[in-house]
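Results of the structural survey
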Amino acid sequence: MSVSVGQFIGNFIIATGSFVLLFVLLKKFAWSQITAIFQAREEKISKDIDDAQNARQNAQTLENKRQAELNQAKDEAVQIIENAKETGKAQEAKIVTEAHEEVGRLKDKANQDIATSKAEALSSVRADVADLSVLLAEKIMAKNLDKTAQSDLIDSYLDKLGDA
């Protein structure tokens, strides 16, 4: 099977002509559609990449915002706790101060009550002593007593004073 050079050249020219004709027909009728498909695909890929970058940036922005809100919430929680501690300490100091004041008032009232009771007791004793003194003086004046009678009368007076 030997192919002659003439047949080879003929086949080559026909193949080359067919290729050129196919290329010209593709260029004229299909090339714009093919390039449009590739361009549309390129634009879609470019848009997808841009959308992905925007989504990543939005996600990063949201993450930063959430982190900032979390930090703010933590700071607010710490501040609330500090305020509660300060309020508790203030309440504690107020309660202790009020308790000390109340103790002081009760102590003063008790001292006043004691002083009043003491004054009433002394007044009562003085009245009793005065009454007994008057009674003793009446008895002494009513009788002219001897020493033994006076001694008995004084002892009786002291006994009555002791009972009072």
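Please refer to the structure higher up on the page.
Residues numbered from 1 in each chain as written. Predicted model: local features only at pLDDT ≥ 70, side-chain atom pairs only at ≥ 80, totals over all residues. Heavy atoms only, no water.

1. Points about the overall build of the protein chain
Each helix and strand in the protein chain was counted, giving two helices and zero strands. Across the 164 residues that make up the protein chain, the buried fraction comes to 4%. (Helix = DSSP H or I, 4+ residues; strand = E, 2+ residues; numbered from the N terminus. Buried < 20%, exposed > 50% of the residue type's maximum accessible area, 1.4 Å probe, protein only.)

2. Thoughts on the pattern of salt bridges
Taken as a whole, this structure holds four salt bridges when the rule is applied. A salt bridge links Arg-105 to Glu-102; its shortest N-O distance comes to 2.6 Å. Of this pair, Arg-105 and Glu-102 both sit in helix α1 (residues 5–142), three residues apart, roughly one helical turn. On the basis of relative accessibility, which here comes to 47%, the residue Arg-105 falls in the partly exposed class. What makes Glu-102 partly exposed here is its relative accessible area of 34%. For the salt bridge of Lys-109 with Asp-113, the shortest nitrogen-to-oxygen distance reads 3.5 Å. With Lys-109 and Asp-113 both in helix α1, this residue pair falls four residues apart, about one helical turn. A residue is classified by how much of its surface remains accessible, and Lys-109, at 47% relative accessible area, is partly exposed. (Salt bridge = Lys/Arg side-chain N within 4 Å of Asp/Glu carboxyl O.)

3. Remarks on a nonpolar patch on the surface
Taken together, the side chains of Val-5, Phe-8, Ile-9, Phe-12 and Ile-13 present a nonpolar region at the surface, about 550 Å² in accessible area. Tracing the backbone shows Phe-12 in helix α1. (Patch = residues over 30% accessible without salt bridge, like charges linked within 9 Å, V, L, I, M, F, W, Y side chains within 5 Å. Areas by Shrake-Rupley, 256 points an atom, 1.4 Å probe, with all protein chains shown as cover.)

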